Amino acid sequence: MCQWDMINHLAGCLFMSIAEQVLQLQHQIRDKAQGRVVTLVAVSKGQGPAALRAAYEAGVRDFGESYVQEALPKLTALHSLPIRWHFIGPIQSNKTTVIARHFSWVHSVERDRIARRLSDSRLEAGLAPLQVCLQVNLSQEPSKSGVAPQALEELAQCVALLPGLHLRGLMTLPEPSSCVELQRQRFARLRQEQERLLRLGYDLDTLSMGMSGDYIAALAEGSTIVRIGTAIFGERNNT
Ligand SMILES: *Cc1c(COP(=O)(O)O)cnc(C)c1O
């Protein structure tokens, strides 16, 4: 084989395996979702447009990115495809305009000031409301991202009133653990927070929880969106 044939062959194998992973995951998700409609968000941070295209061709329509600078070239490269882009990373206040213009969903809202900026930018751009989840910090460590459960209701109250945002639900990013019982316990906590807000009259239909290492536990606890990177694309080397 000449060098280019070899490279094409390797790329072909790589993208074939992305398609296989997507099909297997979709099967697993259907199997564990207990009849719910669950969205698979392919977390594509650290991946190039060709890998995303392979996942798209296997049926993925939702992609998650954590860094604005890294995401924009991919959004441009794939702009002709009907993809829903989900922003799942920490939000810096100088990035709210770009996020509001280019993404359909934001999973990582944790402060009212950021929520207001996203809403304003969305309205200025003349776009339909941005779909948002509030990121909840269930670990009680102040260093972790997310709103503390004690402050969740106040944030929900603020976000629900913003005309540029549609409050859809809650997201959490737990500490990795290989213990399934511990994984389920944390996801159950997020579901309990959702139930509390539902009782208070908030209309929340989304639980964004579950990644490559714990999505089975998340599905068992009621997840409606799983955010999966490694199990689709393999290990990331640069992020
Ligand atoms: C990276 C990331 C994921 C995906 O993690 P994997 O373990 O690769 O599946 C999901 N959610 C968030 C917020 C992330 O930053």
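Remember, it's a predicted structure, so these values are computed and weren't measured experimentally.

Trainee: What's the story with the nonpolar core in this structure? I'm lost.
Mentor: As a rule of thumb, soluble globular proteins bury nonpolar side chains together. In this structure, F63, V106, V109, L118, L134, V159 and I232 are the most contacted members of the largest nonpolar core, which totals 63 residues. For L118, the contacting residues outside a window of four places in its chain are I91, T96, I99, A100, V106, V109, L130 and L165. With five residues, the next largest nonpolar core counts V41, W105, M171 and I225 among its residues.

Trainee: Mind showing me how you'd approach the packing of aromatic side chains here?
Mentor: The description of an aromatic ring pair uses the distance of the two centres, along with the angle that the planes make with each other. Summed over all chains, the structure comprises two aromatic pairs. Seen in terms of ring centroids, F63 and W85 are 5.8 Å apart; in terms of plane orientation they differ by 40°. Their pairing is tilted. Residue F63 is located in strand β2 (residues 62-65), and its partner W85 is located in strand β3 (residues 84-87); the two are separated by 22 residues in the primary sequence. We note that F63, like W85, is buried. A ring pair is formed by F87 and F103, whose centres lie 5.3 Å apart and whose planes are at 80°; its orientation type is edge-to-face. Remark: F103 occurs in the loop between α4 (96-102) and β4 (105-109) and F87 occurs in strand β3; sequence separation between them is 16 residues. Accessibility expressed as a relative area gives 1% for F87, which makes it buried. F103 sits in the buried class, given a relative accessible area of 2%. The residue whose ring lies beneath R61 is Y56, and the NZ or CZ to ring-centre distance is 3.7 Å.

Trainee: I'm lost on the site of the ligand in this one. Help?
Mentor: Residues in contact with the ligand, as listed here, are V43, K45, S66, I88, L173, M211, S212, R227, I228, G229, T230 and R236. Within the side chain of S212, a nitrogen or oxygen atom sits 2.5 Å from an oxygen atom of the ligand. Taking R236, its side chain carries an N or O atom lying 2.9 Å from an oxygen atom of the ligand. Considering the ligand on its own, with 390 Å² of exposed area, one finds that the protein chains cover 88% of that surface. Residues belonging to the shell around the ligand are distributed by class as follows: five nonpolar, four polar and three charged.

Trainee: Where do I start with the side chain of Q131 in this structure?
Mentor: Relative to the helices and strands, Q131 resides in strand β5 (residues 130-135). Residue classification places Q131 among the buried positions, given a relative accessible area of 16%. Within the structure, Q131 has its side chain in polar contact with the side chain of H166 (distance 3.3 Å). Apart from the residues within four sequence positions on either side, Q131 is in contact with S104, W105, V106, H166 and R168.

Cut-off values and rules
Residues numbered from 1 in each chain as written. Predicted model: local features only at pLDDT ≥ 70, side-chain atom pairs only at ≥ 80, totals over all residues. Heavy atoms only, no water. Core = buried A, V, L, I, M, F, W, Y, C linked by side-chain atoms within 4.5 Å. Buried < 20%, exposed > 50% of the residue type's maximum accessible area, 1.4 Å probe, protein only. Contact = heavy atoms within 4.5 Å. Phe/Tyr/Trp six-rings, centres within 6.5 Å; stacked < 30°, edge-to-face > 60°. Helix = DSSP H or I, 4+ residues; strand = E, 2+ residues; numbered from the N terminus. Lys NZ or Arg CZ within 6 Å of the ring centre and 35° of its normal. Near = heavy atom within 4 Å. Polar contact = N/O pair within 3.5 Å; in protein donor to acceptor, adjacent residues only side chain to side chain. Areas by Shrake-Rupley, 256 points an atom, 1.4 Å probe, with all protein chains shown as cover. Nonpolar A, V, L, I, M, F, W, Y, C, P; charged D, E, K, R; others polar.

Shape is all these values report; function is a separate question.
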